[in-house]
Amino acid sequence: HVSPTDDMKLLDIGCGTGYAAPTLNKAGFKHLVAADLSTGMLELAERRGIYKRCVRSVLPDTPFEDDEFDCLHAAGLFFPGSAPADSFEEFARIVKPGGHIVFSIRSCYHDSDEGKAHKDSIEALLAEGKCSLVAKDRAPYLPGENMDAYYYVLKVE
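Peer 1: In this structure, what is going on with unusual backbone geometry? I would like to understand it.
Peer 2: Trans is the prevailing form of peptide bonds, just as negative phi is the prevailing case for residues other than glycine. Residue Leu-59 is joined to Pro-60 through a cis peptide bond whose omega torsion reads 10°. With respect to the helices and strands, the residue Pro-60 is situated in the loop between strand S3 (53-56) and strand S4 (69-78). Even without glycine at this site, Asp-67 takes up a positive phi of about 55°. Within the secondary structure, Asp-67 sits in the loop between S3 and S4.

Next comes the structure, spelled out in structure tokens:
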């Protein structure tokens with residue numbers, strides 16, 4: 001749903017060890033910025049030699065400028081006790097209009113009372129016209145554990 005260009009700046013937020021970086025880079029994303037809560041994880045991500053910059057960041061208060069990124073990737077970031085629901089509002093702030101927010105959220109969490117705030121936050125961005133829905137697919141997340149996730153692609157308006 002997102003076609004990389006040479007100058008596209010992608011934020012891999014909640015990057016952990018940078019596990020997704022090689023795949024993102026191989027797909028054509030060359031200007032990758034990593035962000036994570038954990039300094040230790042960021043050190044491991046930096047060792048991959050793929051990220052242009054690694055930044056310690058605690059959601060929802062990131063140190064990034066308005067409209068700084070063309071695309072944001074967040075995998076494995078939303079589950080009980082993890083990134084707060086208002087993270088989505090922050091994502092819309094730091095991604096340029098016309099840019100994309102791509103993330104996964106475990107379906108069992110998304111569809112539960114516990115995940116209601118996250119689901120409501122996503123729906124509010126859409127209802128308020130801050131983002132539009134490009135795709136929402138349900139697919140295996142942790143196949144060995146028989147777990148699915150929703151994979152969202154939002155376009156920032």
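Peer 1: Just checking my understanding: could you explain the pairing of strand S7 (residues 147-156) for this structure?
Peer 2: Every regular strand shows the same layout, with side chains that alternate between the two sheet faces. The buried fraction of S7 amounts to 7 of the 10 residues, a majority that puts the element mostly inside the structure. Direction of pairing for strand S5 (residues 95-106) relative to S7: antiparallel, over a ladder of 7 bridges. For Ser-104, the partnering residue across the bridge sits in S7 and is Tyr-151. Pairing analysis gives 10 bridges linking strand S6 (residues 131-142) to S7, with the strands arranged antiparallel. Pairing of Leu-133 across the sheet is with Leu-154, part of S7. Connecting S6 to the antiparallel partner S7 that follows it, the hairpin turn spans 4 residues, and Asn-146 within it adopts a positive phi of roughly 55°.

Peer 1: Which parts of the structure should I look at to understand the sheet that holds S5?
Peer 2: Hydrogen bonds between backbone groups are what pair the strands of a sheet, and the pairing can be parallel or antiparallel. Taken in spatial order, the 7 strands make up an open sheet running S3-S2-S1-S4-S5-S7-S6, and their pairing is mixed. The open sheet is flanked by S3 and S6, the only strands paired with a single partner. Averaged over neighbouring strand pairs, the angle between their axes works out to 15° when direction is ignored. Helix H2 (residues 39-47) rests against strand S2 (31-36) and S3 of the sheet, and its axis sits at about 175° to S3.

Peer 1: Would you mind going over the layout of surface pockets with me for this structure?
Peer 2: Within this model, the largest pocket holds a volume of roughly 280 Å³. Around the largest pocket sit 17 residues that line it, and Gly-14, Leu-37, Leu-59, Leu-77 and Ala-83 are the ones nearest its centre. A per-element tally of the lining of the largest pocket places S4 first, with 3 residues. Of the residues belonging to the lining of the largest pocket, the class tally is 10 nonpolar, 6 polar and 1 charged.

The rules we used
- Residues numbered from 1 in each chain as written.
- Predicted model: local features only at pLDDT ≥ 70, side-chain atom pairs only at ≥ 80, totals over all residues.
- Heavy atoms only, no water.
- Helix = DSSP H or I, 4+ residues; strand = E, 2+ residues; numbered from the N terminus.
- Buried < 20%, exposed > 50% of the residue type's maximum accessible area, 1.4 Å probe, protein only.
- Pairing = 2+ DSSP bridges.
- Axes fitted to C-alpha atoms, helices over the stretch in contact; angles between N-to-C directions.
- Contact = heavy atoms within 4.5 Å.
- 1 Å grid on protein atoms, 1.4 Å probe; cavity = no way out; pocket = protein on both sides within 12 Å on 5 of 7 lines; lining within 4 Å.
- Points joined across faces, edges and corners; volume = space filled by probe spheres on them.
- Nonpolar A, V, L, I, M, F, W, Y, C, P; charged D, E, K, R; others polar.

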